[in-house]
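A look at the structure
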Amino acid sequence: TKVRKVKIEDLLDRDPIKIDTDKIIGYVENREVLVTGGGGSIGSELCRQIAAHNPKQLIIFEIYENNAYDIQMELNRTCPGLNLEVLIGSVRNTSRLDYVMRTYRPELVFHAAAHKHVPLMEDSPTEAVKNNVFGTFKTAQAAAMSGVQRFVMISTDKAVNPTNVMGCSKRLAEIYVQTLSRAIISGKVKGKTKFITTRFGNVLGSNGSVIPRFREQIIKGGPVTVTHKDIIRFFMTIPEAVQLVLEAGAMANGGEIFVLNMGEPVKIDTLARNLIRLSGLQPDVDIKISYTGLRPGEKLYEEKLMSEE
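Quick summary incoming for the structure in this document.

What counts as what
- Residues numbered from 1 in each chain as written.
- Predicted model: local features only at pLDDT ≥ 70, side-chain atom pairs only at ≥ 80, totals over all residues.
- Heavy atoms only, no water.
- Salt bridge = Lys/Arg side-chain N within 4 Å of Asp/Glu carboxyl O.
- Helix = DSSP H or I, 4+ residues; strand = E, 2+ residues; numbered from the N terminus.
- Buried < 20%, exposed > 50% of the residue type's maximum accessible area, 1.4 Å probe, protein only.
- Phe/Tyr/Trp six-rings, centres within 6.5 Å; stacked < 30°, edge-to-face > 60°.
- Pairing = 2+ DSSP bridges.
- Axes fitted to C-alpha atoms, helices over the stretch in contact; angles between N-to-C directions.
- Contact = heavy atoms within 4.5 Å.
- Parallel < 35°, antiparallel > 145°, perpendicular 65-115°, else oblique.
- Left-handed = near helix turned anticlockwise from the far one by under 90°.
- Arc of directions from axis to C-beta.

Topic: the pattern of salt bridges
This model, assessed by the stated rule, comprises 15 salt bridges. Between Arg-48 and Glu-74 there is a salt bridge, and its shortest N-O distance comes to 2.6 Å. Separated by 26 residues along the polypeptide, Arg-48 in helix 2 (residues 41–51) and Glu-74 in helix 3 (residues 65–78) bring together distant segments of the chain. Residue Arg-48 is classed as partly exposed on the basis of its relative accessible area of 29%. Overlapping salt bridges bring together Arg-171, Glu-174, Arg-199 and Glu-309 as one network.

As structure tokens, this is what we get:
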């Protein structure tokens, strides 16, 4: 069977979100910008969009050298005039972070470095805490100490009333960033950094997400595995997620949590069936769908806000 290539946007039951890019250009242009986790799905798209808006310098900080190399090669090719630094290092390493902040003096920091895979983090909870909680704590502190103007943390709807280790670790990171923001605003902590959090749902086509897995299963002839008939998620594309992050950073006064309006949640079952149809095949006829049961820590539905928010 010949499997047709599907455009990710076709799977969203809504128009892609467009935002005011002029506002973004104004605050990225001619600035020193640091992206942690700059080789990941969100991080690399952040780097692409920042690179297109004339920063004074873009610093990519990444633990995984292969990802770092890929985005470095791509940006060298697509933005030959870009002042680009690619640095290997971990957000868990205080002295490395301090060195990077002192040496490059970034004005804007986008903190995308994180462990994000729900079932894997259930099995390695201490690693989720080290990376997501302490990594954020250390990066935020280094940013405040070196006089960064804005720090945008990338979070997830899984941090809302979390039922899994990954969500809990991101919620702790959010609480820390908000608390530090309040302490700076009230004068209890010296500094001028504005801390902002952005929360979004499942990102279509990101590494380890459901679409690449479904695609592989369809190419192999099925079955496509869905954990539960009724499981729903909010979905957005990688460029949409990144535009939200950039716009939130431009709008913020410090201490806020921004949530993208992602339309109505989508049943993963519907998504799987649409992907099979768009690939030119019939669900349940050419490609079977099997239901495998919720994984540890997985909710049937995600929420965007807690009741007190």
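Back to the write-up after that little detour.
Considering the packing of aromatic side chains
For the structure shown, the criterion picks out two aromatic pairs. With centroids separated by 5.0 Å and ring planes inclined at 65°, the aromatic side chains of Phe-137 and Tyr-176 adopt a geometry described as edge-to-face. Taken together, the residues span a long stretch of sequence, with Phe-137 in helix 6 (residues 125–145) and Tyr-176 in helix 7 (residues 165–185) at a distance of 39 residues. A relative accessible area of 30% places Phe-137 in the partly exposed class. Aromatic side chains Phe-151 and Phe-195 sit 5.1 Å apart centroid to centroid with 50° between the ring planes, which places their arrangement in the tilted category.

What to know about the sheet that holds strand 5 (residues 150–156)
Strand order in the open sheet formed by seven strands is 3-2-1-4-5-6-11, with parallel pairing between adjacent strands. Of all strands in the sheet, those with a lone pairing partner are strand 3 (84–88) and strand 11 (257–259), marking the two edges. Each strand axis lies, on average, 20° off the axis of its neighbour in the sheet, ignoring direction. Two strands pair when backbone bridges link them, and strand 6 (residues 194–200) and strand 11 are joined in this way by three bridges, in the parallel orientation. In the strand pairing of strand 11, Arg-199 is matched with Val-259. The strands touched by helix 2 within the sheet are strand 1 (32–36), strand 2 (57–62), strand 4 (108–111), strand 5 and strand 6, with strand 1 carrying the most contacts at an inclination of about 165°.

Observations regarding the packing of helix 1 (residues 21–28) against helix 9 (residues 238–251)
Two numbers describe how helix 1 lies on helix 9: the axes approach to 9 Å, and their chain directions differ by 65°. Between helix 1 and helix 9, the angle is such that the two are roughly perpendicular. Here helix 1 runs over helix 9; the crossing is left-handed. Of helix 9, the residues touching helix 1 (which contributes Lys-23, Ile-24, Tyr-27 and Val-28) are Gln-243, Val-245, Leu-246, Glu-247, Gly-249, Ala-250 and Met-251.

What to know about helix 4 (residues 94–104)
Those residues of helix 4 lying buried are Leu-97, Val-100, Met-101 and Tyr-104. Looking down the long axis of helix 4, one finds its buried residues gathered within 95° of arc, a one-sided arrangement. Across from the buried face of helix 4, at angles greater than 90 degrees, the exposed residues are Ser-95 and Arg-102. Looking at the buried positions of helix 4, the neighbouring elements they touch are strand 1, strand 2, strand 3, strand 4 and helix 6. One or two positions beyond helix 4, positive phi appears at Arg-105, with a value near 45°.

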